[in-house]
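Take a look at the letters that make up each chain.
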Amino acid sequence: MELFLWVLTVIKIALCRILDPFYWLLSKLETTVPLQPIRNNILTMSASQLAAKIRTGEISCEEVMQLYIFRCRRVDMKLNAVVENRYAAAVEEAEKVDALIASNTKTIKELEEELPLLGVPISVKECCKLKGMSYSVGCRIRVGKKADKDGTAVELLRKSGAIPIAVTNQSEMCLSTETYNSVCGLTRNPYNIQRTVGGASGGEAALVSSAGTVAGIGCDLFGSVRCPAMFTSIYGHRPTPGIVSVEGHYPEESSEQLTDHLVLGPITRYSEDLPLMMTVMAGNQAAKLKLHQKVNLKDLKVFYMTEAGSSLNLPSVDEEIKLAIQKAVDYLQTTCKCGVQKAEFTEFKNSQEISRAVLFNLKNIPDVLNENKSIYYKKSQDLWNEILKSFIGQSAFSLMALTHSFMNMIYKKIPAEKTQLYIRQNENLKEKLIEALGEDGVLILPTYPTAAHYHYQSLIRKPGDCYCTIITSLGLPATNIPMGLNKKGLPIGFQVIAAPYQDRLCFAVAQELERAFGGWVQPPCLQTPTDS
C-alpha cells in the first residue's frame with residue numbers, strides 16, 4: 001500500500017511535467033481581467049493605522065466601512081470570494097463606533113487598550129462561526145445552516161472593535177487546496193483569474209489581497225492559511241497550536257489530537273497587523289507568546305533550505321522562489337547581521353510520508369461521506385459511485401472532497417507499524433528542529449514549490465503541499481512572507497518557521513523583509529478612473 005502511494009505521488013508529479021506544454025499554450029490564450037484600481041488611500045492602510053485614525057476621529061468609521069463595502073462588492077464580482085455579506089449591519093455598527101468616539105466617554109488611550117481594532121473591517125472564513133451567518137462550510141446538504149453564535153476567536157475580534165463585513169468561500173469542508181465547492185462555486189485569483197487562490201482559506205486571501213477587507217481569519221491544517229497567502233501576495237500566520245481557541249470552528253467535535261495540529265490564524269495585507277491580530281485572537285493565552293518583547297535581529301539564527309530534498313516524490317521548487325529565499329537570507333546576513341546557515345535537515349526529504357502518516361491518522365478530520373450519512377443518506381456510501389457521479393455533476397459532493405475521502409481510506413490501510421515508524425520520525429525531527437531553533441532561531445523554507453497554478457490542477461499538484469503539511473505535523477508556528485511577483489506576474493514567497501511559542505520571531509522577520517522588499521503588491525488594475 002505504501003508503494004502504491006509512492007507511485008501515485010510520482011505519477012502526479014510526472015503528469016504536471018507532461019501537461020506543462022499544454023498549460024503553456026493555454027497561458028498564451030488567456031486573458032487577464034484586472035480589478036478596479038485603488039484610488040482612496042484609506043484602502044491601503046493597515047489595520048493598525050486605520051484603528052488609530054478612527055479612534056482619534058481623524059476619519060469616520062462609517063466612511064471607512066462604506067469604502068470597504070463598495071470595494072468588496074466590486075472585486076467580488078470578479079473573484080467570487082464572498083459567501084454571505086452583512087453590509088447593512090456593518091454600517092450600523094460603524095455608526096455606533098463614531099457615536100462612541102464623539103461621546104468622549106473614553107480617552108484615546110483607553111480606546112487603544114480596550115478596543116485595539118476599533119472600527120476595522122474584517123472578513124471571516126465560513127467554517128469559523130459568525131453569528132447569524134452562513135455555516136454550510138461549502139457542503140450542499142448543509143445549505144441554509146447558520147451559525148448560532150460567534151466562535152471564540154471571532155468573538156474576541158469583535159470585542160476588540162473589529163467589524164466583520166462578510167463570510168468567505170472555502171473548499172468543501174476545508175478538504176481541498178482549491179477554493180471550490182458545489183454551493184458557491186470557484187474563487188478566482190486577483191492576480192490572474194485563471195489561477196487558483198489555493199485552499200481552503202482562499203476566499204479570505206482573495207478578499208484581503210484585493211483590498212476588499214483589511215484582514216481576516218482562516219484555519220490551517222494542510223496549509224490552508226499559508227498557501228492561499230502565498231498565492232495572493234499577503235501574510236498568513238499559522239500560530240503555535242493551542243494558543244488560539246478553535247471553539248466554534250467546523251468540525252466542532254474536535255479531538256485533542258486534532259487541535260494539536262488544527263489552528264486558526266490571521267490573514268493580513270501588512271506584517272505589522274500580525275502581532276495585533278494574534279494578541280486579540282489569543283485572548284488570555286497571548287502572554288505565552290511575548291509578542292511585545294522586542295526581537296534583536298542581530299541575535300537571530302537563520303537556517304534556510306531552498307527545497308526539502310532530492311526525491312522522486314518531491315516536486316521541484318521554482319528557481320524564482322529559490323532566488324527569493326536567497327535574496328532574503330543574503331539581506332538578513334549582510335544588512336541585519338543575522339547568523340545565517342544553510343540547513344541540512346535530511347529528514348525533510350521524507351516530508352510526504354511523514355506528514356501524511358501524522359495528519360491522515362488524526363481523529364475527527366471531516367469526511368464528506370461520514371458527515372452526511374446520518375443527515376442525507378440512509379445507508380453507507382459507495383465512494384467509487386460518488387466519485388463517478390461527480391464527473392457528470394450528479395454527486396452531492398465535490399470531486400476534490402471525495403478525493404480526500406479516497407486518500408484517507410488508502411492511508412488507513414498502511415500497516416500500523418509503518419505508520420508508527422513515520423510518526424516516530426516526525427517526533428525525532430521535531431526534537432531536532434526545536435533544539436536547533438531554540439528561542440532565537442528561525443527556519444526559512446518554501447511555502448509551496450510553485451506560484452499559483454491553474455484552476456482544478458490541485459488533484460495532480462497535491463504533492464506540493466508537503467512544504468506546509470510537514471510544518472503542521474511538527475506543530476510549529478510559521479508565517480508566509482510575500483516576496484513580490486514572478487515573471488508571469490504571479491505572487492511568490494516562502495514561510496519562516498520558529499520553535500513553539502516563538503511566533504514573535506516569525507513576525508520580526510516578516511516586518512524586516514517587508515521593509516526591505518515591499519511585501520504586498522497590488523493586483524493588476526484597470527487604467528480607468530474610479531472612486532474605489
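Up top you'll find the structure we're talking about.
Summarised in this report is the structure supplied together with it.

About the criteria used
- Residues numbered from 1 in each chain as written.
- Predicted model: local features only at pLDDT ≥ 70, side-chain atom pairs only at ≥ 80, totals over all residues.
- Heavy atoms only, no water.
- Helix = DSSP H or I, 4+ residues; strand = E, 2+ residues; numbered from the N terminus.
- Rg over C-alpha atoms; globule rule 2.2 N^0.38 Å.
- Buried < 20%, exposed > 50% of the residue type's maximum accessible area, 1.4 Å probe, protein only.
- Contact = heavy atoms within 4.5 Å.
- Core = buried A, V, L, I, M, F, W, Y, C linked by side-chain atoms within 4.5 Å.
- Salt bridge = Lys/Arg side-chain N within 4 Å of Asp/Glu carboxyl O.
- Phe/Tyr/Trp six-rings, centres within 6.5 Å; stacked < 30°, edge-to-face > 60°.
- Pairing = 2+ DSSP bridges.
- Axes fitted to C-alpha atoms, helices over the stretch in contact; angles between N-to-C directions.
- Right-handed = clockwise from strand over helix to strand, strands pointing away.
- Parallel < 35°, antiparallel > 145°, perpendicular 65-115°, else oblique.
- Nonpolar A, V, L, I, M, F, W, Y, C, P; charged D, E, K, R; others polar.
- Expected span 1.5 Å × (residues − 1).
- Arc of directions from axis to C-beta.

Describing the overall build of the protein chain
- Along the protein chain, the regular secondary structure elements total 19 helices and 13 strands.
- The C-alpha radius of gyration of the protein chain comes to 22 Å, within 12% of the 24 Å expected for a compact globule of 532 residues.
- Principal-axis analysis of the C-alpha atoms places the extent of the protein chain at approximately 70 × 60 × 50 Å.
- Sorting the 532 residues of the protein chain into buried and exposed places 61% on the buried side.
- Within the protein chain, contacts between residues separated by at least 24 positions form 78% of all contacts whose residues are at least 6 apart in sequence.

With respect to the nonpolar core
- Formed by 171 residues in total, the largest nonpolar core has its most connected members in Phe348 and Leu443.
- For this core, the element with the most residues is helix α3 (residues 61-79), which contributes 9 residues.
- In contact with Phe348, other than residues within four places in its own chain, are Met305, Ala308, Leu314, Leu429, Leu433, Leu443, Leu445, Ile470, Ile471 and Leu474.

Observations concerning the pattern of salt bridges
- Using the criterion set out here, one finds 21 salt bridges in the structure.
- One salt bridge connects Arg238 with Asp220, and the closest N-O pair in it is separated by 3.4 Å. With Arg238 in strand β7 (residues 235-238) and Asp220 in strand β6 (residues 215-220), this residue pair connects regions lying 18 residues apart in the sequence.
- With relative accessibility at 0%, the residue Asp220 sits in the buried group.
- Here the salt bridges do not stand alone but share partners, grouping Arg86, Glu93, Asp150 and Arg158 into one network.

Here we look at the packing of aromatic side chains
- All told, the structure shown has 10 aromatic pairs when counted by the stated rule.
- Measuring from ring centre to ring centre gives 6.0 Å for Tyr270 and Trp520, while their planes differ by 75°; the resulting arrangement is edge-to-face. Linking Tyr270 in the loop between β8 (263-268) and α10 (273-282) with Trp520 in the segment after α19 (503-517), this pair joins segments that are 250 residues apart in sequence.
- Judged by its relative accessible area of 11%, Trp520 falls in the buried class.

Some points on the sheet that holds strand β13 (residues 491-498)
- Pairing is mixed across the open sheet formed by 11 strands, whose spatial order is β1-β3-β2-β6-β8-β7-β12-β13-β11-β9-β10. Each of the sheet's edge strands pairs with one partner strand only, and the pair in question is β1 (82-85) and β10 (339-342). Averaged over all adjacent pairs, the angle separating strand axes in this sheet is 25°, with direction ignored.
- Here 3 bridges tie strand β2 (residues 121-125) to β6, and the two strands are oriented parallel to one another.

A word on the environment of Thr177
- Locating Thr177 in the fold gives a position in the loop between β3 (163-168) and β4 (180-181).
- Spatially, the C-alpha atom of Thr177 lies 8.3 Å from that of Gly223, the residues being 46 residues apart in sequence.

Some remarks on the pairing of β3
- Most of β3 sits out of view: 6 of its 6 residues are buried.
- Relative to β3, β1 runs antiparallel, the two being bridged by 3 bridges. From the neighbouring strand, Glu84 faces β3, where its bridge partner is Val167.
- Here β2 pairs with β3 via 5 bridges, running parallel. Residue Pro121 lies in a different strand from β3, and its bridge partner there is Ile163.
- Handedness of the β2-helix α6 (residues 152-159)-β3 crossover: right-handed.

Quick word on the side chain of Thr232
- Position of Thr232 relative to the elements: it lies in the loop between α8 (226-231) and β7.
- Beyond its immediate stretch of four places on either side in the chain, Thr232 contacts Asn189, Pro190, Tyr191, Val197, Ala205, Ala206, Ser209, Pro491 and Trp520.

Notes on the packing of helix α16 (residues 416-437) against helix α18 (residues 466-474)
- Here α16 crosses α18 at 85°, and the two axes come no closer than 9 Å. Taken together, the axis directions place α16 and α18 in an arrangement best described as roughly perpendicular. Taken together, the residues of α18 that come into contact with α16 (itself represented by Asn426, Leu429, Lys430 and Leu433) are Ile470, Ser473 and Leu474.
- Taken together, the residues of the contact of α16 with α18 break down into 4 nonpolar, 2 polar and 1 charged.

Quick look at helix α4 (residues 87-103)
- Here α4 spans 25 Å end to end across 17 residues, near enough to the 24 Å set by a 1.5 Å rise per residue.
- If you check which residues of α4 are buried, you get Tyr87, Ala90, Val91, Ala94, Val97 and Ile101. Angular distribution of buried residues about the axis of α4 spans 110°; they occupy a single face of the element. Residues of α4 that are exposed and point more than 90 degrees away from the buried face comprise Ala88 and Lys96.
- Tucked into the core, α4 has its buried residues touching α2 (47-55), α3, β1, α5 (108-114) and β3.
- Just past α4, the residue Asn104 takes up positive phi, approximately 55°.

Focus on the pairing of β7
- Every second residue of β7 is oriented toward a common face, with Tyr235 and His237 on one face and Gly236 and Arg238 on the other, all of them buried.
- Pairing analysis gives 2 bridges linking β7 to β8, with the strands arranged antiparallel. If you follow Tyr235 over to β8, its bridge partner there is Thr268.

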